[in-house]
Amino acid sequence: MPLEEELFPSTPGKIKNQTMNRQLHRCFSSTSTLFLWALFLIALTASYLSFQSFVDTGSKYFTASWGGLQWEKQVRNSAQIRRSSSPGMSVLVTGAAGFVGSHVSLALKKRGDGVVGIDNFNSYYDPSLKKARKSMLNDHGIFIVEGDINDAKLLAKLFDVVAFTHVMHLAAQAGVRYAMENPGSYVHSNIAGLVNLLEICKSANPQPSIVWASSSSVYGLNEKVPFSESDRTDQPASLYAATKKAGEEITHTYNHIYGLSITGLRFFTVYGPWGRPDMAYFSFTRNILQGKPITIYRGKNRVDLARDFTYIDDIVKGCIGSLDTSGRSTGTGGKKRGPAPYRIFNLGNTSPVTVPTLVSILERHLRRKAKKHVIDMPGNGDVPFTHANISYASSEFGYRPTTDLQTGLKKFVRWYLSYYGYNGKSLT
Ligand SMILES: O=C(O)[C@H]1O[C@H](OP(=O)(O)OP(=O)(O)OC[C@H]2O[C@@H](n3ccc(=O)[nH]c3=O)[C@H](O)[C@@H]2O)[C@H](O)[C@@H](O)[C@H]1O
């Protein structure tokens, strides 16, 4: 039976309906018919109102149109493996119009793997940048479905059309500080969306192997440096971090019960061309070019904040290395048949740089001075520093970052200027 029908039967509750009919018949023949009619009308009005509110809420997330023969053909074409040297994989990339998602999709496609993307194109940051990434991917034969990872029917349909060997799960609500403004969006994408995706993957036949984006933020208030995968991660400093940590626990459960092969990647402040406008290096560049001030946070006792900034090409190599070594899921028909791999890796640069140094590198590349406004770090979920120990990823798949911040920012600035021009007015 197709996955879609198995999960969503076409005649749900058939038996229940027959029982209900008999009960209704008895009710109408009783003396309290009038009273029951009144109750019925009230219930009808209430269900209409709640249906309306469901439609309103639902349409916020599931407005995308998909399906049909032409759509299925596009999905199949995009998933086609065109590699002769090795078996190759067909990968469903979630968040494919995002920063990391678009880079990983392109790299996979270029070496002949099949790639289908899914992205909800939400407006957390300028959706036109996401559309531009999408059209770049389209030019390389990658089809991106517009839809939300919470849409179980859409995901089930995708697995009916293609037997994906791997899922690269990068769709998420990112951003550490935005979690204080819109906590619900983190629960929606990073918890509910993740569980929905895992439910589909566990029922798929064959089950795919899953590689997904966790975050360096799970180390929270950990003070031991550099951060190793075995260090404590039970002191998150932000809701964002807490949802990523929850994701690590949730994926462990699906590995344990259903035999899904899972690899979680703790990304350390990823930057580069086609990046996220909400991140500091990006918004600083925009403001410096527009002559606007930038706010630099400073830690306790006037200590500079520092990040293990990691260049996108290094992260892409880490993602592909993880996919190539992920091993197989072992379940069928939603049942585990044996133990499957469960791994977590740091993907960082092993060389933290302070935020003021980041700013001075940008000033050099942009040939402009920043108007700096230095303030004490507000209690907004930030951590004072991050620093990755990458020996586990090195030993498992030869992960070795090669781009320092100076070089990486030069490439970013070159891209930024070619995309936005000098005043960057198109950026909102
Ligand atoms: O590794 C991660 O897991 C996360 O990395 C990223 O978070 P962060 O490391 O916080 O990056 P980013 O916002 O660029 O701030 C960088 C520095 O600039 C400081 N900062 C920031 C803004 C500002 O106006 N001023 C400032 O000083 C700020 O205090 C910080 O010290 C991703 O956004 C997140 O989605 C997640 O993937």
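Residues numbered from 1 in each chain as written. Predicted model: local features only at pLDDT ≥ 70, side-chain atom pairs only at ≥ 80, totals over all residues. Heavy atoms only, no water.

- The name given to the protein in an unreviewed UniProt entry is UDP-glucuronate 4-epimerase, and the organism recorded there is Papaver nudicaule.
- A UniProt comment under Sequence similarities (unreviewed entry) is attached to the protein, and it reads "Belongs to the NAD(P)-dependent epimerase/dehydratase family."
- Per its UniProt entry, the protein bears the Catalytic activity (unreviewed entry) comment "UDP-alpha-D-glucuronate = UDP-alpha-D-galacturonate". (UniProt positions renumbered as here; feature names shortened; annotations may be inferred.)

## Things to note about the packing of helix H7 (residues 152–161) against helix H8 (residues 183–203)
Then, number 1: Two numbers describe how H7 lies on H8: the axes approach to 10 Å, and their chain directions differ by 35 degrees. In this structure, H7 crosses over H8, and the sense of that crossing is right-handed. Touching Ala152, Leu155, Ala156 and Phe159 of H7 are Asn196, Leu197, Ile200 and Cys201, all from H8.
Then, number 2: Its residues placed into classes, the contact of H7 with H8 shows seven nonpolar, one polar and no charged. (Axes fitted to C-alpha atoms, helices over the stretch in contact; angles between N-to-C directions. Helix = DSSP H or I, 4+ residues; strand = E, 2+ residues; numbered from the N terminus. Left-handed = near helix turned anticlockwise from the far one by under 90°. Contact = heavy atoms within 4.5 Å. Nonpolar A, V, L, I, M, F, W, Y, C, P; charged D, E, K, R; others polar.)

## Considering the packing of aromatic side chains
Any two aromatic rings considered together are summarised by their centre-to-centre distance and by the angle between their planes.
Then, number 1: Applying the stated criterion across every chain, the model contains 30 aromatic pairs.
Then, number 2: When the ring of Phe412 is compared with that of Trp415, the centres are 6.0 Å apart and the planes differ by 40 degrees; the resulting orientation is tilted. In this pair, Phe412 and Trp415 both sit in helix H14 (residues 405–420), three residues apart, roughly one turn of the helix. Of the two residues, Phe412 and Trp415, both sit in the buried class.
Then, number 3: Grouped by ring-pair contacts, the aromatic residues Tyr271, Trp274, Tyr281, Phe282, Tyr311, Phe412, Trp415, Tyr416, Tyr419 and Tyr420 constitute a single cluster.
Then, number 4: Above the ring of Tyr125, the side-chain terminus of Lys130 is found at 4.6 Å from the ring centroid.
Then, number 5: When the ring centre of Phe121 is taken as origin, the NZ or CZ atom of Lys131, which lies over that ring, is 4.1 Å away. (Phe/Tyr/Trp six-rings, centres within 6.5 Å; stacked < 30°, edge-to-face > 60°. Buried < 20%, exposed > 50% of the residue type's maximum accessible area, 1.4 Å probe, protein only. Lys NZ or Arg CZ within 6 Å of the ring centre and 35° of its normal.)

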